[in-house]
Structure formats: structure tokens, C-alpha cells
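This is what each chain is made of:
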Amino acid sequence: MAHRETTAPFVGHHPADHEGSIKTPIYPTSTFKFSSAEEGAAHMETAYGVPGAATPKGPNAIYSRLSNPTLSAAEQRLSAWDESEDAAFFASGMAAITTTFLAWTSADRPLWFCPPLYGGSEHFIREILPGLGVHVVEVDHLDHLDAILEREGGRKPGMIYLETPANPTMQIHRIRTAADWARQHESEDHRMIVGVDNTYLGPILQRPLEHGADVLVYSATKYIGGHSDLIAGAASGKTDAVARIREYRHFLGGMADPNTCWMLMRSMETLAIRVRHQQDVAEQVFAHLRNHPKVQRFISAWSVDLPDGDKAIAEEQMLGGGAMAAFEVSGGRAGAFRVLNAFKHFQLAVSLGSTESLAEHPASMTHAGVPLEVKAQYGISEGLIRISVGIERPEDLIADLDQALGQV
Ligand SMILES: Cc1ncc(COP(=O)(O)O)c(C=O)c1O
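Just so you know, these numbers come straight off a predicted model, no measurement behind them.

1. Section: the sheet that holds strand E3 (residues 136-138)
The 7 strands are arranged E1-E7-E6-E5-E4-E2-E3 in an open sheet whose pairing can be described as mixed. Strand pairing shows two members of the sheet lacking a second neighbour, strand E1 (86-90) and E3, which therefore form its edges. With strand direction ignored, the average angle separating the axes of adjacent strands in the sheet is 20°. Where strand E2 (residues 111-113) and E3 come together, 3 bridges link them in parallel fashion.

The following block contains the structure:
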């Protein structure tokens with residue numbers, strides 16, 4: 001069988017279905033004509049789950065909030081990269097994440113989560129989900145799941161959610177531990193899913209489904225899109241997990257639009273070469289920064305930078321350290337700002353995973369809303385700078401870092 005890298009970039013498109021067009025057309029339409037009233041009724045009654053609905057025949061598209069050929073093509077392509085059973089694209093990473101939480105948690109199905117998480121996810125969990133009646137439980141370590149269940153009086157979660165490596169401090173969580181526990185504790189009337197935010201490494205460098213996760217969520221704005229020119233999100237995983245998420249997407253209305261899906265299709269052709277090249281550039285940049293006299297602390301998901309416990313987990317479940325890092329300079333916020341303001345090739349902007357290198361100040365930017373004590377607990381200090389390495393020549397990025405670090 002051909003390699004995933006030979007087939008996945010092109011999955012979802014069949015030229016014969018599109019006048020021989022080598023690329024997938026964009027379908028800028030809100031609705032689709034039925035061939036008969038009977039077919040229309042079968043489609044709509046099936047979509048709404050009306051008992052006894054006839055099986056619809058003909059093309060699947062009905063209405064673009066529910067499905068669209070460009071959306072379906074992009075979803076098949078992501079699914080091929082992840083080797084998942086199904087995938088769904090959303091208008092943003094947060095749309096994918098919040099729809100997943102709403103689909104898989106409820107008043108009697110708590111959400112158990114492993115902080116630290118991306119700030120937006122953490123805000124939704126701590127500030128919004130409890131107001132909707134969902135009990136949320138912080139998991140300090142995945143080895144403590146039994147103790148937490150006891151403390152919770154035996155009330156099992158509907159979902160265990162984690163992000164690994166975590167943003168921006170690179171804590172590593174062992175996916176297999178959460179998955180094994182969920183399999184042991186779920187039952188026929190209590191399906192329990194393990195969700196992993198796989199944004200940082202993406203389908204090329206980390207494959208959580210192979211370690212037992214049920215669903216992955218992505219900010220596709222990052223490596224999957226990869227060019228800082230779109231906002232999108234995705235959920236990808238087991239059939240039942242994604243089906244429920246897609247059902248909620250139908251009613252919450254957070255699907256990705258056809259133009260964005262076309263751009264995602266194009267981006268996913270180069271996913272592997274971009275991510276691998278960015279990782280190669282990062283390897284050289286990180287080797288320089290790791291021992292730089294102006295760098296007080298260097299954090300990355302590369303094995304050499306991880307504490308011993310995390311190193312073993314990283315070797316078990318990660319296929320590379322990726323192209324993200326954070327480093328601390330002296331002088332607190334003022335020192336970090338001097339460096340950030342001096343960059344010439346690194347662009348001063350939030351986000352990550354793009355072709356251009358980016359730099360930002362987590363304490364006042366991506367993590368501005370995180371309480372001070374939580375920032376302190378996770379080492380998000382005032383002198384910390386986060387970088388995302390792009391596709392530029394490593395020697396130019398190193399020279400840029402040297403001159404910017406010369407400011408402190
Ligand atoms: C790890 C992670 N998850 C989720 C998100 C949210 O994605 P989006 O901004 O596409 O909504 C981000 C955004 O920075 C992120 O870094």
C-alpha cells in the first residue's frame with residue numbers, strides 16, 4: 001500500500017466528478033436542488049432523525065450548514081492525515097473545541113480536564129461550562145484518576161480532555177493513561193471519551209488516536225492551515241465521537257465555509273513538508289538558544305529539554321519535538337519587550353504554526369486572561385517569550401535572535 005504521504009495530500013478529490021479538474025472546486029452555494037420532492041423529504045427527515053425516514057438517494061448535500069462538497073472533501077483529507085474514522089471542520093479552533101465539550105458533557109456527564117490548556121479553552125471550561133450546569137473537574141495528574149473518581153463520589157466523567165504538549169510551557173500528558181482508564185470505567189450506558197488538543201504537533205508529529213484517544217481537536221488556523229491566512233478548527237477521531245460532534249455542529253452552526261475549506265485542502269497538500277522543514281529549522285535555532293548566555297530558561301518539547309518523566313512519555317507518543325519554544329530573559333516584562341521590539345525576521349504576533357516565524361509575550365498576550373497564581377504555577381513569567389519557527393533559513397533567524405537578545 002502506498003505511503004500516507006503519497007495519498008493523504010490528495011484524498012477527498014476525484015477529478016472525474018468535476019469535469020476532470022485536478023483541483024476541487026469551491027461550491028459557493030447555500031442550498032442544493034433536490035431531484036424530487038420525495039428525495040428532499042428523505043434527506044431532511046434523515047437529517048432530523050425522523051423515525052421511519054426513507055433512505056436518501058443521490059448527492060448528499062442539502063444545505064451548506066449541514067454539508068457542502070468542498071467541506072466534505074476537506075474533511076476526508078484531514079481524516080486521511082490522521083487515519084481517523086471521521087473528521088469535521090469548523091469556523092475556528094474554539095468552535096471545534098466548544099462544540100466538542102457541548103456534545104460530550106452535560107449535567108450528569110462532567111468534564112475532567114488537565115491544565116494548563118490554551119487560554120480560550122480554559123476560559124470556556126472554568127467560566128462558561130459551569131453556568132450551563134456542567135460540573136468541571138481539574139485533573140492535576142493523570143496518575144490520580146482513581147483518587148479523583150473517589151473524591152467525586154464515583155461520578156464518572158463524560159469526557160477527559162487534555163492538551164499535550166501544553167501551551168506554552170510544554171507539560172506532557174500520557175494519552176494512553178487517560179485512554180486505558182476511560183476504557184476501564186466506561187459502560188454501555190456511559191460512553192466516556194478522551195479528547196486531545198493536537199494543535200501543537202498536528203497529524204505529522206503526534207498521533208494520539210494510536211494511543212487510544214477518541215477524538216482530536218485542532219486549531220486548523222495553525223499547522224493545518226499553516227500560512228496565517230485563515231481561521232478554522234477541526235475534530236477528528238472515532239465514528240461515534242465525531243458523529244455526535246457533527247450533530248451539535250449542525251445546530252450550533254459553526255461549520256467552516258467552502259472558501260476556507262478550499263484553502264485548507266491546498267494547505268493539507270504541503271502539511272508534511274512544511275511541518276518537517278519547520279522542525280528542521282527549529283532544531284538549529286533551538287540548539288543555538290539552549291545555551292545562549294542571555295537565555296535564562298529554555299523550554300521546548302524536544303526530548304533534551306524535557307524533565308526525565310516527561311522525556312519517557314514524549315518518546316512513547318511523539319514523533320518529534322516540533323517548532324515551538326519559549327525562553328526567559330532577564331529584566332522581566334521590560335526585558336522581554338525590548339527583545340520583542342527588536343526582532344526583524346520574527347514577526348511580533350500571537351498564533352503559531354505558520355510559514356513565517358512568530359514571537360509573542362504569553363504573560364501579557366496569549367495568556368493575559370489567566371489568573372496570576374495560575375501563571376506562576378505554570379511558569380508563565382513576565383520574562384518569557386514564545387516563538388514559533390517558520391520556514392526561513394536558520395542562520396538568519398539565529399542572527400535575528402542574537403541581535404534582539406543583545407537588547408537585554
Ligand atoms: C492549542 C490551541 N488550541 C486551540 C486554539 C484556538 O484556536 P482558534 O484561534 O483557531 O479558535 C489555539 C489558538 O491559539 C491554540 O493555540
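Back to the text.
2. Quick word on the site of the ligand
The local shell around the ligand holds 14 residues, among which Met-94, Asp-197, Ser-219, Thr-221 and Lys-222 are the closest. Here Met-94 contributes a backbone N or O atom positioned 2.8 Å from an oxygen atom of the ligand. The side chain of Thr-221 places a nitrogen or oxygen atom 2.7 Å from an oxygen atom of the ligand. Starting from 390 Å² of accessible surface for the ligand in isolation, the protein chains cover 90%. With 3 residues, the single largest contributor to the shell around the ligand is helix H4 (residues 93-104). For the shell around the ligand, the class distribution of residues is 5 nonpolar, 6 polar and 3 charged.

3. Digging into the packing of H4 against helix H5 (residues 119-128)
Two numbers describe how H4 lies on H5: the axes approach to 10 Å, and their chain directions differ by 30°. Accordingly, the angle class assigned to the pair H4 and H5 is roughly parallel. With respect to the hand of their crossing, H4 and H5 are arranged in right-handed fashion. Packed against H4, whose contacting residues are Met-94, Ile-97, Thr-98, Phe-101 and Leu-102, the element H5 presents Gly-120, Ser-121, Phe-124 and Ile-125 at the interface. Looking at the contact of H4 with H5, its residues break down into 6 nonpolar, 3 polar and no charged.

4. A look at the environment of Ala-241
By secondary structure assignment, the location of Ala-241 is in helix H9 (residues 239-252). For Ala-241, a relative accessible area of 0% puts it in the buried group. Considered as a pair, Ala-241 and Val-215 are 26 residues apart in the sequence and their alpha carbons are 6.4 Å apart. With residues near it in sequence (within four places) discarded, Ala-241 still touches Trp-104, Ile-193, Asp-214 and Val-215.

5. Let's talk about the sheet that holds strand E9 (residues 324-328)
If you trace the 5 strands from one edge of the open sheet to the other, you get E8-E9-E12-E11-E10, paired in mixed fashion. A strand with exactly one partner marks an edge of an open sheet, and here the two such strands are strand E8 (297-300) and strand E10 (347-348). Alignment of E9 against strand E12 (residues 384-388), held across 5 bridges, turns out to be antiparallel. By the bridge assignment for E12, Ala-326 is matched with Arg-386.

6. Overview of the domain arrangement of the protein chain
We note that the domain assignment places domain 1 (4-29 + 64-269) and domain 2 (271-405) within the protein chain. Distance from the C-alpha centre of domain 1 to the C-alpha centre of domain 2: 25 Å. Residue-level contacts link 36 residues of domain 1 with 38 residues of domain 2. Of the roughly 3,300 Å² buried where domain 1 meets domain 2, counting both sides, 62% is carbon and sulfur surface. By the criterion of area lost to domain 2, the three top residues of domain 1 are Ile-172, Leu-205 and Tyr-223, representing 23% of everything that side buries. For Glu-5, the salt bridge goes to Arg-276, with nearest N and O atoms at 2.5 Å. The tally of links between domain 1 and domain 2 comes to 14 residue pairs in polar contact (both at pLDDT 80 or more). Mapped onto the side of domain 1 that touches domain 2, the elements with two or more residues apiece are helix H7 (175-185), helix H8 (202-205) and helix H10 (258-269). Here the side of domain 1 that touches domain 2 is built from residues that sort into 16 nonpolar, 13 polar and 7 charged.

7. Remarks on the pairing of strand E5 (residues 193-197)
Among the 5 residues of E5, 5 are classified as buried, and the element is accordingly described as predominantly covered. Where burial is concerned, the two faces of E5 agree: the one with Ile-193, Gly-195 and Asp-197 and the one with Val-194 and Val-196 are both buried. Chirality of the crossover, the property in question, places the unit of strand E4 (residues 159-163), H7 and E5 among those that are right-handed. As defined by bridge partners, E5 adjoins strand E6 (residues 215-219) across 3 bridges and the pair is classed as parallel. By the bridge assignment, Val-196 is partnered in E6 with Leu-216.

8. Looking at the packing of aromatic side chains
In this description, an aromatic ring pair is defined by two values, namely the gap between the centres and the angle between the planes. Taken as a whole and assessed by the stated rule, the structure comprises 6 aromatic pairs. Taken together, a centroid distance of 6.0 Å and an interplanar angle of 55° make the contact between Tyr-48 and Phe-251 tilted. Residue Tyr-48 is located in the loop between helix H2 (37-47) and helix H3 (69-82), and its partner Phe-251 is located in helix H9; the two are separated by 203 residues in the primary sequence. By the burial criterion, Tyr-48 is exposed, and Phe-251 matches it.

Procedures and definitions
Residues numbered from 1 in each chain as written. Predicted model: local features only at pLDDT ≥ 70, side-chain atom pairs only at ≥ 80, totals over all residues. Heavy atoms only, no water. Pairing = 2+ DSSP bridges. Helix = DSSP H or I, 4+ residues; strand = E, 2+ residues; numbered from the N terminus. Axes fitted to C-alpha atoms, helices over the stretch in contact; angles between N-to-C directions. Near = heavy atom within 4 Å. Polar contact = N/O pair within 3.5 Å; in protein donor to acceptor, adjacent residues only side chain to side chain. Areas by Shrake-Rupley, 256 points an atom, 1.4 Å probe, with all protein chains shown as cover. Nonpolar A, V, L, I, M, F, W, Y, C, P; charged D, E, K, R; others polar. Parallel < 35°, antiparallel > 145°, perpendicular 65-115°, else oblique. Left-handed = near helix turned anticlockwise from the far one by under 90°. Contact = heavy atoms within 4.5 Å. Buried < 20%, exposed > 50% of the residue type's maximum accessible area, 1.4 Å probe, protein only. Domains from an automatic or database assignment. Buried area = accessible area lost by both parts, 1.4 Å probe. Salt bridge = Lys/Arg side-chain N within 4 Å of Asp/Glu carboxyl O. Right-handed = clockwise from strand over helix to strand, strands pointing away. Phe/Tyr/Trp six-rings, centres within 6.5 Å; stacked < 30°, edge-to-face > 60°.

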